[in-house]
Amino acid sequence: MTTKESTGPSAVAKWDTRFLSLAAHISGWSKDPSSQVGAVITDGNRIVSLGYNGFAAGVHDTTERLVDRATKLNLTIHAEENAMIFAKRDLRGCTVYVTHPPCPRCASKLIQDEIARVVFIAPSEDFLSRWADDLELSYQMYREAAIDVTCYQLEEISVDNARITIAPGGFFKKILEQLLRKF
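The rules behind each value
Residues numbered from 1 in each chain as written. Predicted model: local features only at pLDDT ≥ 70, side-chain atom pairs only at ≥ 80, totals over all residues. Heavy atoms only, no water. Buried < 20%, exposed > 50% of the residue type's maximum accessible area, 1.4 Å probe, protein only. Helix = DSSP H or I, 4+ residues; strand = E, 2+ residues; numbered from the N terminus. Pairing = 2+ DSSP bridges. Phe/Tyr/Trp six-rings, centres within 6.5 Å; stacked < 30°, edge-to-face > 60°. Lys NZ or Arg CZ within 6 Å of the ring centre and 35° of its normal.

Trainee: Lay out the pairing of strand β2 (residues 38-43) with the relevant residues and their values.
Mentor: Regular strands have side chains that alternate between both faces of the sheet. For β2, a buried count of five out of six residues is recorded, marking the element as mostly surrounded by other parts of the structure. Inspection of the sheet shows β2 paired to strand β3 (residues 46-52) by six bridges, in the antiparallel sense. The residue bridging T42 from the neighbouring strand is I47, located in β3. Here four bridges tie β2 to strand β6 (residues 95-98), and the two strands are oriented antiparallel to one another. Bridge pairing in β6 links V40 to Y97.

Given below as structure tokens:
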């Protein structure tokens, strides 16, 4: 795969980090017990749509369905798909930020919607052990369709790179402490 590696806290890396962080936050909304994925679609620095993986609206996401891998895979709408569905607009030239590299099913839909850029966090070795062949197919399609792909190492996603100011004792800090308390 040919990807652009990030080069430090440039203006692009700043926004990439912010949107990847938002995608990571949104991934927590998924009820999937094993794979929580979040996606953010932007047009420049403006958010167009958000999505996370889950069942279609009105379809019961019972524990039995979520732990049965075959059923779960058949019922799940991927984060990228949900973000495209909810965008309700032309996505030509937009960027998608995803917590995981998109599968071939999503890659083909992103290409068809004329997404210009795909940005994601580098997959873990465990993830690659299960999905490397599928991801190579996605990367091949991106190359053929001339889609710009950027992959960030997990260590590059930080408050410093995002240039986010967290005031000591401020509201945002209190919220973060509440959200992260159980970790």
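Trainee: Break down the packing of aromatic side chains for me, citing the residues and quoting the values.
Mentor: In this structure the tally under the stated criterion is four aromatic pairs. A ring pair is formed by W29 and Y52, whose centres lie 5.9 Å apart and whose planes are at 90°; its orientation type is edge-to-face. Taken as a pair, W29 in the loop between α1 (11-27) and β2 and Y52 in strand β3 lie far apart in primary sequence, 23 residues in all. Note on Y52: relative accessible area 34%, which makes it partly exposed. Aromatic pair F120 and Y139: ring centres 6.2 Å apart, planes at 15°, arrangement stacked. Placement of F120 in strand β7 (residues 117-121) and of Y139 in helix α6 (residues 125-144) is noted, with a sequence separation of 19 residues between them. F120 sits in the buried class, given a relative accessible area of 0%. Assessed through its relative accessible area of 9%, Y139 is described here as buried. Each residue in the set W15, F19 and Y97 is aromatic and connected to the rest through ring pairs, giving one cluster. Positioned above the aromatic ring of W15, the side-chain terminus of R18 is 4.6 Å from the ring centre.

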